[in-house]
Amino acid sequence: MGKGFFISKTLGIVGVIVGTGVVATIIALSVVYSQEKAKINEAVNPPTTPSTPWEHYRLPDSLSPVSYNITLWPRLVVNTSTGLFIFTGQSAVVFQCKKDTDLILIHANKLNLTLLSLISRDGATAPTIKKSWLEVPTQFLVIQLNSNLMAGSQYELYTEFIGELADDLGGFYRSEYTEGTSPPVRKVVATTQMQPVDARKAFPCFDEPAMKAVFHMTLLHAHGTVALANGMNLASVNVTVNGQDVTRTSFQPTPLMSTYLLAFVVSEFGFIHSTEGEKVLIRIWARKQAIAEGQGDYALEKTGPILEFFENYYSSSYPLTKSDQIALPDFSAGAMENWGLITYRETALLYNPASSSNGDKEWIATVISHELAHMWFGNLVTMKWWNDLWLNEGFASYVSYLGANSAEPTWNVGAAVLRMLSEFLTEPVFARGLSTYLNTFKYSNTVYQDLWKHLQMAADSTPGLDLPASVDDIMNRWILQMGFPVVTIDTATGSINQRHFLLDPDSVVDRPSPFKYEWIVPIKWMKNGKDQTPYWLQTKTATHLPMKTLGSDWMLANTKVSGFFRVNYDSSNWDRLLTQLSTDHEAIPVINRAQVVDDAFNLARARIVSTILALRTTLFLQREREYMPWQTADRNLGYFFLMFDRSDVYGPMQAYLNKQVTPLFNHFKTITADWTKIPEKHTDQYNQVNAISIACSTGVAGCEELTTGWFKDWMKTPENNTIHPNLRQTVYCSAIAAGGVEEWDFAWRMYREASIASEADKLMYSLACTRVPWLLNRYLNYCLDPEKIRKQDATFTIVYIAGNVVGQSLAWDFVRTNWNHLFNDYGGGSLSFARLIDGITRRFSSEFELKQLQLFIDENAEQGFGSATLAVDQALERTKANMKWVAENKADIYKWFTDNSA
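Residues numbered from 1 in each chain as written. Predicted model: local features only at pLDDT ≥ 70, side-chain atom pairs only at ≥ 80, totals over all residues. Heavy atoms only, no water.

### So, the overall build of the protein chain
Reasoning step 1: Across its full length, the protein chain carries 27 helices and 30 strands.
Reasoning step 2: For a compact globule of 902 residues, the expected C-alpha radius of gyration is about 29 Å, and the protein chain comes in at 28 Å, within 12% of that figure.
Reasoning step 3: Taken along the three principal axes of its C-alpha coordinates, the protein chain extends 90 × 70 × 60 Å.
Reasoning step 4: The buried share among the 902 residues of the protein chain stands at 60%.
Reasoning step 5: Partitioning the intrachain contacts of the protein chain with sequence separation of at least 6 by distance along the chain shows that 73% fall at a separation of at least 24.
Reasoning step 6: Counting only carbon and sulfur atoms, one obtains 51% of the accessible surface of the protein chain, whose full area is about 34,000 Å².
Reasoning step 7: Averaging the coordinates of the 77 positive side-chain charges in the protein chain and doing the same for the 91 negative ones gives two points 2 Å apart. (Helix = DSSP H or I, 4+ residues; strand = E, 2+ residues; numbered from the N terminus. Rg over C-alpha atoms; globule rule 2.2 N^0.38 Å. Buried < 20%, exposed > 50% of the residue type's maximum accessible area, 1.4 Å probe, protein only. Contact = heavy atoms within 4.5 Å. Areas by Shrake-Rupley, 256 points an atom, 1.4 Å probe, with all protein chains shown as cover. Lys, Arg positive; Asp, Glu negative; His and termini not counted. Charge placed at Lys NZ, Arg CZ, Asp CG, Glu CD.)

The structure is reproduced here in structure tokens:
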């Protein structure tokens, strides 16, 4: 999944509103990952004008690794002389010389090298070392030689080194947890996160994706601990090293692979495993208590079937003998697809039926599927450089829904993806092209054009598949252009036009496009509820006479959300669509009911349609009982709450939503027999959460009494939480918001005692719901203490607090005051800092807030913002756009909510 990949469960579900299918998913991820790509490029390849080779941020093409032989020894106790946790290591890398050179550049970061030597593998004498040093800005170990390495020859570079086993969540790092209660015992785990550029923190290496090699790993570790790596353990023997008795575990050599996929762990974890004799050994590792409680059982149950699904889907056997999956107490991302040893946040792997919700369960199945999809797409075949990361993640995200659906078919996960595949590639054609691509390039590196070529080959060999252009021509218009189009259809004339969709219409597009921001757009559409012949829009403007309507006829484009574009209509067709929603909304497919809402609100933000038109799309919700339209409306109205929850618009807006959600709240009260059972349908379970959450936040009669009653019952018997797991986060938040210090302190105690991470996450979020300022300030200060809030969770907690209107200014002041500490001690280079900046500034919409933000930027310009640099720029632009939007729309919105809340 990668270091920066952390799509929320809600986004994963609602994401289908703006595009489904193979192509749409690729396009969607290309848009999402364009930002992440920029951050990664900034981290590993900043703009510079180097005068020497070691000032470049990319490796030269003179050397290529063949294999590594690595021994690492992490110390899980503090070193008495330094006061630090450390590791020591030895590495011997064999490399091939491609061009004569008297220079070796190999990545190394935050390592203290104690020994360095070079030998020839061909029997000749190796050049002697003239000078060596660590070039800190570019993270290179620079070795100047007295004579040339010879092209075609192999050499071996041997190093010994010491590094810190820090708690910075990157490279070879330390995670901690406690076990037992009388007294609790602190345990330390040595683990890894290499993507994108942190393998160099563990040992000197050629740390780029295209520099694949075979890795021979050995780990030294204390007796009573277990060591894991990418390969299966070959042998564990007790040895004495430097006077200490330790265990030495060696592992099978890896396949040819990239450094960012390396993983190794030393811990006291327990595990469960698949049945003896299975072709692939599957093991689930976690804290011993979690394993004993059965929290790994669901992951073990589903991993085998998903792995088998991908073997069949890719027409390619899983290339390793085992698949270890390990849940870590401290982990910066959602999960990481290390080959043979996948690392997870505990919330993404561990499931407890007694306290985990259906959303938790779906998240686990989807994340496991995503990571296993990478075993082929990403690991077996890898991008040459990080600028194609979007493709790596995009395809893994697409097929992860297929894998999850194979494991849990009754959920209909990603149903829209399964219903509506690419307009120009059927699922079998896509799978066939992907299979030939993987088999052609296995154990090597590619660029995105290689995949288009194989998909084209599959299309060409399929009779009856008629494309309007080549796969390359169609896809390049989507991936090489910024963003996506809005397609406008005039049903009076049948005319169609497309233009570049810009959420902020005042933004300047300074990136030229060879395609002039025109796309080849597949349009599926219906008229009066009946599907029509699909149409390809291949030019900026066109006319398709069948799209003309007469009288009360209505038409709807992008049915089942088959393409990645917004749709706008002439005002008469908008009116007819809204009339249809008001009279018989079920005549429009449920996903398109959500799409109408989503398109209208986004078109209004872009000043293409009026904000009042967007609000009118929510009127039918009084009769809507399905999850997707409600979730989409709630998400879009969330922007209105951010802009107006500190103004006089808030009252009428609350009253309107109260009116709209009351029938939904009563519906669920009825079908759950007065809240005594849970709905049967998967999406109904989600929508029950929406009903309670929106009802309680808007003051629907009986809602607050319901949630506070459940919470008080739990407070009376803490050991017996009868609140259903699906409802816990909503109930906790509502009750804590309605309560005071007693409720907050109880929830904090339950958070500290939670033995399953998903329950702790629900409480961590809900603690930010209090309306008591001093409690929020105390909670913010807890974020600076890793003993209270783990470093991996600190930025999330701050963002949760900022999402509370009472906590917004408190969180902003806190971040400004503690920025240096947060940035330097909590990993300012990690992608979570972009989320932090985004989260604490989303509500900014005034001149005062704009000036404060600019001052914050100026005050920290010298240090910089690391991975949050782009987010800071976006926050400035978003604040200006918010100010303009509020000024233009506030009066009309106030009147509309007032008129429609009666």
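Alright, that's what it looks like, and here's the rest.
### Let's talk about the pattern of salt bridges
Reasoning step 1: Scanning the model with the defined rule gives 42 salt bridges in all.
Reasoning step 2: Its salt-bridge partner being Glu743, residue Lys712 comes within 3.4 Å of it at the nearest N-O pair. With Lys712 in helix H17 (residues 703-716) and Glu743 in helix H19 (residues 741-753), this pair connects stretches of sequence that are 31 residues apart.
Reasoning step 3: Of the charged contacts in the structure, one is a salt bridge between Asp785 and Lys788, with a shortest N-O distance of 3.2 Å.
Reasoning step 4: On the accessibility criterion, Asp785 (24% relative accessible area) is partly exposed.
Reasoning step 5: Lys788 gets classed as partly exposed once you look at its relative accessible area, which sits at 29%.
Reasoning step 6: Overlapping salt bridges bring together Asp167, Arg174, Glu176, Arg186, Glu787 and Lys791 as one network. (Salt bridge = Lys/Arg side-chain N within 4 Å of Asp/Glu carboxyl O.)

### Topic: the confidence of the model for the protein chain
Reasoning step 1: Predicted confidence across the protein chain gives a mean pLDDT of 91, with 93% of residues reaching 70 or more.
Reasoning step 2: Note on residues 2-22: pLDDT under 50 across the span, and 81 contacts to partners over four residues away in sequence or across chains.
Reasoning step 3: Note on residues 24-44: pLDDT under 50 across the span, and 52 contacts to partners over four residues away in sequence or across chains. (pLDDT = per-residue confidence, 0-100.)

### Here's the deal with empty space enclosed by the protein
Reasoning step 1: On inspection of all chains with the given rule, the structure shows three cavities of 30 Å³ or more.
Reasoning step 2: Every residue along the wall of the second largest cavity is listed here: Phe377, Gly378, Val381, Thr382, Met383, Asp388, Leu391, Asn392, Tyr437, Thr446, Val447 and Tyr448.
Reasoning step 3: At the level of elements, strand E20 (381-383) and helix H6 (389-407) are the ones that each hand at least two residues to the lining of the second largest cavity.
Reasoning step 4: Looking at which element gives the most residues to the lining of the second largest cavity, the answer is E20, with three residues.
Reasoning step 5: For the lining of the second largest cavity, the per-class residue count stands at seven nonpolar, four polar and one charged. (1 Å grid on protein atoms, 1.4 Å probe; cavity = no way out; pocket = protein on both sides within 12 Å on 5 of 7 lines; lining within 4 Å. Points joined across faces, edges and corners; volume = space filled by probe spheres on them. Nonpolar A, V, L, I, M, F, W, Y, C, P; charged D, E, K, R; others polar.)

### Re the nonpolar core
Reasoning step 1: Counting residues in each nonpolar core, the largest one holds 139 residues, and the members touching the most others are Ile523, Phe640, Tyr779 and Ile798.
Reasoning step 2: When residues in this core are grouped by element, the largest group, ten residues, is from helix H27 (residues 869-900).
Reasoning step 3: In this structure, Ile523 is in contact with Val487, Pro534, Tyr535, Leu537, Met547, Ala557, Asn558 and Phe565, ignoring residues within four places of it in sequence.
Reasoning step 4: Core analysis: the next-biggest nonpolar cluster, separate from the first, contains 137 residues, Phe140, Tyr173, Ala199 and Ile479 among them. (Core = buried A, V, L, I, M, F, W, Y, C linked by side-chain atoms within 4.5 Å.)

### What about the state of the cysteines?
Reasoning step 1: Scanning all chains against the criterion turns up two disulfides.
Reasoning step 2: Put simply, Cys696 and Cys703 are joined by a disulfide, and their sulfur atoms are 2.0 Å apart. The sign of the S-S torsion, about -95°, decides the handedness of the disulfide formed by Cys696 and Cys703: left-handed.
Reasoning step 3: By relative accessible area, Cys696 is classed as buried at 14%.
Reasoning step 4: Sulfur-sulfur distance for the disulfide between Cys733 and Cys769 comes to 2.0 Å. (Disulfide = S-S within 2.5 Å.)

### Topic: the UniProt feature "binding site: Zn(2+)" (unreviewed entry) in the protein chain
Reasoning step 1: Sequence positions flagged by UniProt for "binding site: Zn(2+)" (unreviewed entry) are, in local numbering, His370, His374 and Glu393. In summary, the annotated positions, though distributed over 24 residues, converge in three dimensions, the widest C-alpha pair being only 8.7 Å.
Reasoning step 2: As for its position among the elements, His370 is in helix H5 (residues 358-374).
Reasoning step 3: Note on placement: His374 falls in helix H5.
Reasoning step 4: A polar contact of 3.2 Å, which involves the side chain of His374, links it to the side chain of His370. (UniProt positions renumbered as here; feature names shortened; annotations may be inferred. Polar contact = N/O pair within 3.5 Å; in protein donor to acceptor, adjacent residues only side chain to side chain.)

### Remarks on the UniProt feature "active site" (unreviewed entry) in the protein chain
Reasoning step 1: According to UniProt, the feature "active site" (unreviewed entry) maps to Glu371 in the numbering used here.
Reasoning step 2: Within the element layout of this structure, Glu371 appears in helix H5.
Reasoning step 3: Looking at Glu371, the relative accessible area reads 0%, which means it is buried.

### Section: the sheet that holds strand E18 (residues 335-336)
Reasoning step 1: In spatial order, the strands read E15-E16-E17-E19-E18; together these five strands make up an open sheet with mixed pairing. Only two strands of the sheet have a single neighbouring strand rather than two, namely strand E15 (270-273) and E18.
Reasoning step 2: Sheet topology note: the E18/strand E19 (residues 341-345) ladder contains two bridges and is antiparallel. Looking at the pairing, Met336 lines up with Thr343 of E19.
Reasoning step 3: In the packing of helix H4 (residues 297-314) onto the sheet, contacts are made with E15, strand E16 (281-286) and strand E17 (322-328), and the angle to E16 comes to roughly 155°. (Pairing = 2+ DSSP bridges. Axes fitted to C-alpha atoms, helices over the stretch in contact; angles between N-to-C directions.)

### A few points about the packing of H6 against helix H9 (residues 448-460)
Reasoning step 1: The geometry of H6 relative to H9 is characterised by a closest axis approach of 10 Å and an angle of 45° between their N-to-C directions. Classified by the angle their axes make, H6 and H9 are oblique. Between H6 and H9, the residues in contact are Trp390, Leu391 and Phe395 and Tyr448, Leu451 and Trp452, respectively.
Reasoning step 2: Looking at side-chain class alone, the contact of H6 with H9 contains six nonpolar, no polar and no charged residues. (Parallel < 35°, antiparallel > 145°, perpendicular 65-115°, else oblique.)

### Structural notes on the packing of H19 against helix H21 (residues 773-782)
Reasoning step 1: At a minimum axis separation of 11 Å, H19 and H21 run at an interaxial angle of 20°. Taken together, the axes of H19 and H21 are roughly parallel relative to one another. Seen from above, H19 lies across H21 with right-handed handedness. Across from Val741, Trp744, Asp745 and Trp748 in H19, the residues of H21 making contact are Trp774, Leu775, Arg778, Tyr779 and Tyr782.
Reasoning step 2: Tallied by class, the residues present in the contact of H19 with H21 amount to seven nonpolar, no polar and two charged. (Left-handed = near helix turned anticlockwise from the far one by under 90°.)

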